[in-house]
Amino acid sequence: MLKYVIQRLLFTVVVIFGVSILVFVITHLIGDPVKAMLPLQATDAQRAQLAHQLGLDKPIWQQLTEFLGNMIRLDFGVSWWQQVSCLSIVLSKIPTTLVLVGVSFIIAIIIAFPMGIIAAYKPDSLLDRILTTASLIGICLPSFWVALMLVLFFAVKLGWFYTSGYGTIRHLVLPAVTLAVVPAGHIAQIVRFSMAEQLNAQYAVTARAKGVKESVVLVKHVLKNIMTAVLTIGGMDLAMYLAGEAAAVEVVFGWPGFGSLVVDTISRQDFPLLQAEIFVVAVIICLINLIVDMLYAYFDPRITY
Amino acid sequence: MSETSLQDLKPIPSPGRQIYKPKGIIRFFARFKYNKIALVALIILFVIFAISIFAPYLAPYDPAKGVLTERLRPPTLERPAGGGFPHIFGTDQQGRDVLSRIMYGGRVSLTVAFTVVGICFIFGTVLGLISGYFGGWVDMILMRVVDVVSSFPGLLVALAFVMVLGPSERNLIIALTVNGWMIHARMARSQVLTLRESAMVESARAIGLSVPGIVFGHILPNIISPLITVFVLDLGHQIAAEANMSFLGFGIQPPKSSWGLMIGEGRQYIASAWWLVTFPGIMIGLTLLCLNLFGNWVREEFDPLSRKQ
């Protein structure tokens, strides 16, 4: 177990270095931050001064080693846009996004499990087809479009919720529901298809033959056995959202989270801030994967690391 | 059939065989017998592709030219004041016909998706074939690279590329390609592994075929159907990714248009002009839905293991 965790953490380090070096190299070799930051009519002297100020006049390998050295000490420098430590900006936005994504996953689970279970108990019935199609449609709709449709109906037409902003539950409902659609679709599908296999598995038939109530068979036996599959897909969706995939939805609702920060970073060409974001996201993704792997072992005792 | 004597050369009519013997296109459509929904999905896909390809001939209006007196007209079946085809999907803030823009936008969305998936498919498949066929340290290095790149936060890396290169269609394709090839490599490799030690490959080796001859002539044709499944499903992913990037303003740039960009541009008029965002979104959703239905059908139909009884 410990060996496995250490292996995974080492892999995480490789990933973080890999992605950081890739982004550093493409941003510094191809891009020209000085040109992007100064107005077009800036003189050559002004350009040279800014390049010197940012340390961009040094050879690229020296910049890279300095950057990697600072990264190990978690120092990403100062954001060019906000003039504050990059890491603190990024970390201050993470909780805002965590609240949103957390609530959306709770909604997704509440919707998806009953959908999948009902469909699995009546395979190939009309109800099954409706629920399976509904979950597939949920996966296929672009989330920013769902966001706009919800705004159109529930905020513009009915006025129940605020169109954008942050702070109260009336701000939270629409973005959370929007983000819940895709994971709900994924989870409902995986529950439906893995349960269809498990409901007639020998252990379930045996349990029923022993006189175990169906509800107990479902919760204690079948659901526990499909949890690894659910965790896989749920973990992927969670990692995706926290990695900025929720950006478009955050932008639509004016939610001041990590996704909105990423969009601002790109518009303002803030290289150090982007490096810090990528670092934090890589760490989060690897942590989620690690937690999912640990949960596998809990739900399936055959899995040992 | 095999027990008949050599003299008896008359073909034995067998009613069962005739049904399953149709050739080519008919045989292909006969496979849809048990899944009509997939056939419907395929037909809708054909229609969407055809409309996109022939947009210049089919679109009733120039997608870039607006009539300012016809701004933000809701969908209607009535002919506009100046005559011409009715604006059945309405017009946008510059008086451009939304239907025509959707047709041309589909061209861009599908071109980007097909280009990205095409490059990823070729690159990833060749890499996966090499990795799986040779094994050993080649496999180990390539697969570690795939593992590392797969763990990258895809959207962030794509945005980093766009930030540096500047937003444009070409740069969007580059950014999406960098993030998209790994799944094709993984799939090709896993399939090669099942065939590498088979009698077929061994015989090919025994008669002295070259390595490219074995890999591309014998292994690839036998593993092509799972690869096509991934190709179809990945098309959906890339259409969604393109829409997402364009919506944020980091993908396709005006005056060109794509479905995602149309939604992004129409967003500020959401309170007064619902049709600007609604129709392009339906097109994205419909295309993705059909690709998924068709892709799942390809997987079930051509993979005996996942086929239901």
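Note: the structure precedes this text.
An account of the accompanying structure is given in this report. This is a predicted model, so every value here is computed, not measured. (Residues numbered from 1 in each chain as written. Chains lettered and ligands numbered in written order. Predicted model: local features only at pLDDT ≥ 70, side-chain atom pairs only at ≥ 80, totals over all residues. Heavy atoms only, no water.)

**Structural notes on the overall build of chain B**
When you go through chain B residue by residue, the secondary structure sums to 13 helices and zero strands. Reading the helices (α) and strands (β) of chain B from amino to carboxyl end gives α-α-α-α-α-α-α-α-α-α-α-α-α. The buried share among the 309 residues of chain B stands at 48%. Partitioning the intrachain contacts of chain B with sequence separation of at least 6 by distance along the chain shows that 69% fall at a separation of at least 24. (Helix = DSSP H or I, 4+ residues; strand = E, 2+ residues; numbered from the N terminus. Buried < 20%, exposed > 50% of the residue type's maximum accessible area, 1.4 Å probe, protein only. Contact = heavy atoms within 4.5 Å.)

**Overview of the interface of chain A and chain B**
Taken together, the 44 residues of chain A in the interface contact 35 residues of chain B. For the pairing of chain A and chain B, the buried interface totals around 3,500 Å² over both sides, and the portion due to carbon and sulfur atoms is 84%. By the criterion of area lost to chain B, the three top residues of chain A are A:C140, A:F144 and A:I266, representing 16% of everything that side buries. The tally of links between chain A and chain B comes to zero salt bridges. Taken together, the connections running from chain A to chain B amount to three residue pairs in polar contact (both at pLDDT 80 or more). Broken down by secondary-structure element, the contributors of at least two residues to the side of chain A that touches chain B are α1 (2-30), α6 (126-140), α7 (143-157), α10 (214-245), α11 (247-253), α12 (258-267) and α13 (271-299) of chain A. Residues that form the side of chain A that touches chain B fall into these classes: 33 nonpolar, seven polar and four charged. (Buried area = accessible area lost by both parts, 1.4 Å probe. Salt bridge = Lys/Arg side-chain N within 4 Å of Asp/Glu carboxyl O. Polar contact = N/O pair within 3.5 Å; in protein donor to acceptor, adjacent residues only side chain to side chain. Nonpolar A, V, L, I, M, F, W, Y, C, P; charged D, E, K, R; others polar.)

**What about a nonpolar patch on the surface?**
Residue and element names in this part refer to chain B. Nonpolar side chains collect at one region of the surface, where I122, V126, I130, F134, V211 and F216 lie side by side and expose about 500 Å² of accessible area between them. Counting residues per element, the ones that place at least two in the nonpolar patch are α5 (98-134) and α11 (211-248). Examining the composition of the nonpolar patch, we find that four residues originate from one element, α5, more than from any other. In this fold, I122 is placed in helix α5. The class for I122 is exposed, based on a relative accessible area of 57%. (Patch = residues over 30% accessible without salt bridge, like charges linked within 9 Å, V, L, I, M, F, W, Y side chains within 5 Å. Areas by Shrake-Rupley, 256 points an atom, 1.4 Å probe, with all protein chains shown as cover.)

**So, the pattern of salt bridges**
A full pass over the atoms with the stated rule returns 11 salt bridges over all chains. Close ionic contact of A:D293 with A:R8 constitutes a salt bridge, the shortest N to O distance being 2.3 Å. Of this pair, A:D293 sits in helix α13 while A:R8 sits in helix α1, placing them 285 residues apart in sequence. Through salt bridges that share partners, B:D92, B:R96, B:R101 and B:E265 make up one connected network.

Read these as layout, nothing more, since geometry by itself doesn't imply function.
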